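So the chains spell out like this:
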Amino acid sequence: KLSDRLNAVANNIPNGARLADIGSDHAYLPCYMVNKGMIPMAIAGEIAEGPFQSALEQVQEESLTNLITVRKGDGLEVIAPGEVDCITIAGMGGSLISSILEKGKSKLVGVRRLVLQPNVASFAVRRWLIDNGWELLNEEILKEDRKIYEILVAEKGEPLKPYKGIDLESGMQFGPILLREKSDVFMEKWKAERRNWQRILIQLDGATQNEETEIKKKELKKKLKMAEEA
Ligand code: SAM
């Protein structure tokens, strides 16, 4: 059984898609999808030796070596252009996810859907999607083991469409779809963030003032204003 977080990622993978799961650790997601018969094959990519070995072992243990290939390498370098229809990248920071996509751009030809689960800094992923012509189809937010996770689902399309009627900056920060839904988990996340920013702001006020603290304070005030508006 998958965690609620990975289950939410799995639910956004199209039936029958050839999948690459990048940063696959134990290859739980590809194994689950193939075992359920939801996808015909998968590639599990891993950069680090330990997790790469764990992925290999898992795939062998579940007798899936004919359907799941475990490859060691950095980001999208483990796939060839046209080899997969869907890419999942889960459990990493948003800037790492966007740098993997940026470095691997040439491998995205033919990829129909991206399912991305940034642990932090999801705005970096939304920024990359906008800049590269990917449209957000769906966003989910969920809480598991007292942590809050976001899932971003994108397809090639009109990148700014889901942002219609909302300020682009706050849309990227909060997620245009999540911002419209305003679920309980969403409200909990941003109330906590706001408290955190307010606390830092007070600390900065007490610190020796210089150019750096001024810039930070300005940034925080901008974020607070956005949070209030949301
Ligand atoms: N995707 C799994 C999940 O969501 O449960 C595993 C998440 S784990 C926290 C992140 C994994 O990504 C680690 O195993 C790490 O080695 C791998 N990773 C980090 N940077 C990577 C990169 N550039 N290319 C491939 N894998 C990477």
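Above this text is the structure in question.
About the cut-offs
Residues numbered from 1 in each chain as written. Predicted model: local features only at pLDDT ≥ 70, side-chain atom pairs only at ≥ 80, totals over all residues. Helix = DSSP H or I, 4+ residues; strand = E, 2+ residues; numbered from the N terminus. Rg over C-alpha atoms; globule rule 2.2 N^0.38 Å. Buried ≥ 20, exposed ≤ 12 C-beta atoms within 10 Å, placed from the backbone. Contact = placed C-beta atoms within 7 Å. Expected span 1.5 Å × (residues − 1). Near = placed C-beta within 6 Å. Nonpolar A, V, L, I, M, F, W, Y, C, P; charged D, E, K, R; others polar. Core = buried A, V, L, I, M, F, W, Y, C linked by C-beta atoms within 7 Å. Axes fitted to C-alpha atoms, helices over the stretch in contact; angles between N-to-C directions. Parallel < 35°, antiparallel > 145°, perpendicular 65-115°, else oblique. Left-handed = near helix turned anticlockwise from the far one by under 90°.

A. Expanded view of the overall build of the chain. Along the chain, the regular secondary structure elements total 9 helices and 7 strands. In summary, the chain has a C-alpha radius of gyration of 19 Å against a globular reference of 17 Å for 230 residues, a match within 12%. Judged by the C-alpha coordinates and their principal axes, the chain covers about 60 × 35 × 30 Å. Across the 230 residues that make up the chain, the buried fraction comes to 37%. Put simply, 68% of the contacts in the chain that link residues at least 6 apart link residues at least 24 apart.

B. A look at helix α9 (residues 211–229). Helix length check: α9, at 19 residues, gives a terminal C-alpha distance of 27 Å against a target of 27 Å (1.5 Å per residue), a fit within 8%. Among the 19 residues of α9, 0 are classified as buried, and the element is accordingly described as predominantly exposed.

C. Just the site of the ligand, in detail. Taken together, the neighbourhood of the ligand is formed by 17 residues, with G23, D25, P51, A90 and G91 sitting nearest. Elements with a contribution of two residues or more to the shell around the ligand: β2 (42–46), β4 (86–92) and α4 (94–103). When grouped by side-chain class, the residues that make up the shell around the ligand number 9 nonpolar, 5 polar and 3 charged.

D. Inspection of the nonpolar core at higher detail. Grouped together as the largest cluster of nonpolar side chains are 51 residues, with contacts concentrated most on L19 and I68. Once residues within four sequence positions are removed from consideration, I68 is found in contact with A27, P30, C31, V34, M41, A42, A44 and V59. Ranked by size, the runner-up nonpolar core spans 5 residues in total, among them I141, F174, F186 and W190.

E. Summary view of the environment of S95. For S95, the position within the fold is in helix α4. Separated by 23 residues in the primary sequence, S95 and P118 have C-alpha atoms spaced 8.4 Å apart. Setting aside chain neighbours within four positions, we find S95 in contact with A121 and A124.

F. Molecular detail of the packing of α4 against helix α5 (residues 122–131). The contact between α4 and α5 brings their axes to 6 Å, and the two run at 25°. Judged by the inter-axis angle, α4 sits roughly parallel to α5. As for the relative orientation of α4 and α5, their crossing is right-handed in sense. When α4 is examined against α5, the residues G94, S95, I97, S98, L101 and E102 are found in contact with a partner set consisting of S122, F123, A124, V125 and W128. Residues that form the contact of α4 with α5 fall into these classes: 6 nonpolar, 4 polar and 1 charged.

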